[in-house]
Amino acid sequence: DVTSYMEEATRHVLGGEHSLDFASCDITRSLLSHPSNSACLEQANSTDMWICSYCVAENAVRLRNTDFVFFAELFQEAREGALFIFTETTHRLWPEIIDVATTG
């Protein structure tokens, strides 16, 4: 299981007070009501850093069709000061992500 190795490496580099968890989710569905997103919802108000890596651009059409509901709800539920890191193949969706983050 690669996630246990990543968590171990994170603790080694950053110290024991840090943790790293991975959970599957469906960014094209509601964070609040879709069962596939329950793990993310449970951690929403206690997570300091969210990393979305190579999942936004490939889901652009469905995200737009749902008004980016997952991210709109995540931005609302996240703890104050949480950091969001998006690594993507294109910058074209950044204006829409920023709009969702700032208008919620």
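Quick caveat, the model's predicted, so the values are computed rather than measured. (Residues numbered from 1 in each chain as written. Predicted model: local features only at pLDDT ≥ 70, side-chain atom pairs only at ≥ 80, totals over all residues. Heavy atoms only, no water.)

## Some details on the overall build of the chain
Point 1. Scanning the chain from terminus to terminus reveals 5 helices and 2 strands.
Point 2. Moving toward the C terminus, one meets the helices and strands of the chain in the order α-α-β-α-α-β-α.
Point 3. When the backbone C-alpha atoms are referred to their principal axes, the chain occupies close to 40 × 30 × 25 Å.
Point 4. A burial count over the chain gives 30% of its 104 residues as buried.
Point 5. Contacts spanning at least 24 positions in sequence make up 67% of the contacts within the chain whose residues lie at least 6 apart.
Point 6. A total accessible area of about 7,000 Å² is found for the chain, and carbon and sulfur atoms account for 52% of it.
Point 7. Here the chain contributes 6 positively and 16 negatively charged side chains, and the mean placements of these two sets differ by 7 Å. (Helix = DSSP H or I, 4+ residues; strand = E, 2+ residues; numbered from the N terminus. Buried < 20%, exposed > 50% of the residue type's maximum accessible area, 1.4 Å probe, protein only. Contact = heavy atoms within 4.5 Å. Areas by Shrake-Rupley, 256 points an atom, 1.4 Å probe, with all protein chains shown as cover. Lys, Arg positive; Asp, Glu negative; His and termini not counted. Charge placed at Lys NZ, Arg CZ, Asp CG, Glu CD.)

## A few points about the packing of aromatic side chains
Aromatic ring pairs: the centre-centre distance and the angle between the two ring planes describe each pair.
Point 1. A complete count under the given rule lists 6 aromatic pairs for this structure.
Point 2. Within the aromatic cluster, the residues linked to one another by ring pairs are Trp-50, Phe-70, Phe-71, Phe-75, Phe-84, Phe-86 and Trp-94. (Phe/Tyr/Trp six-rings, centres within 6.5 Å; stacked < 30°, edge-to-face > 60°.)

## Focus on the nonpolar core
Soluble globular proteins tend to pack their nonpolar side chains together in the buried interior.
Point 1. In this structure, Ile-27, Trp-50, Val-56, Phe-71, Phe-86 and Ile-97 are the most contacted members of the largest nonpolar core, which totals 21 residues.
Point 2. The dominant element in this core, judged by the number of residues it contributes, is helix H4 (residues 69–77), at 4 residues.
Point 3. Not counting the four nearest positions on each side in its chain, Phe-86 is found in contact with Cys-52, Val-56, Phe-71, Phe-75, Trp-94 and Ile-97. (Core = buried A, V, L, I, M, F, W, Y, C linked by side-chain atoms within 4.5 Å.)

## Here we look at the pattern of salt bridges
Point 1. Under the criterion given, the structure shown has 3 salt bridges.
Point 2. Two residues, Asp-26 and Arg-29, come together in a salt bridge whose shortest N-O distance is 3.6 Å.
Point 3. Judged by relative accessible area, which is 35%, Arg-29 ranks as partly exposed. (Salt bridge = Lys/Arg side-chain N within 4 Å of Asp/Glu carboxyl O.)

## Some details on H4
Point 1. Every buried residue of H4 is listed here: Phe-70, Phe-71, Glu-73, Leu-74 and Phe-75.
Point 2. Taken together, the buried residues of H4 touch strand E1 (49–53), helix H3 (60–65), strand E2 (83–87) and helix H5 (94–103).

## Details of unusual backbone geometry
What you tend to see is this: most non-glycine residues have negative phi, and most peptide bonds are trans.
Point 1. The phi torsion at Asp-67 lies on the positive side, around 55°, for a residue other than glycine.
Point 2. Note on placement: Asp-67 falls in the loop between H3 and H4.

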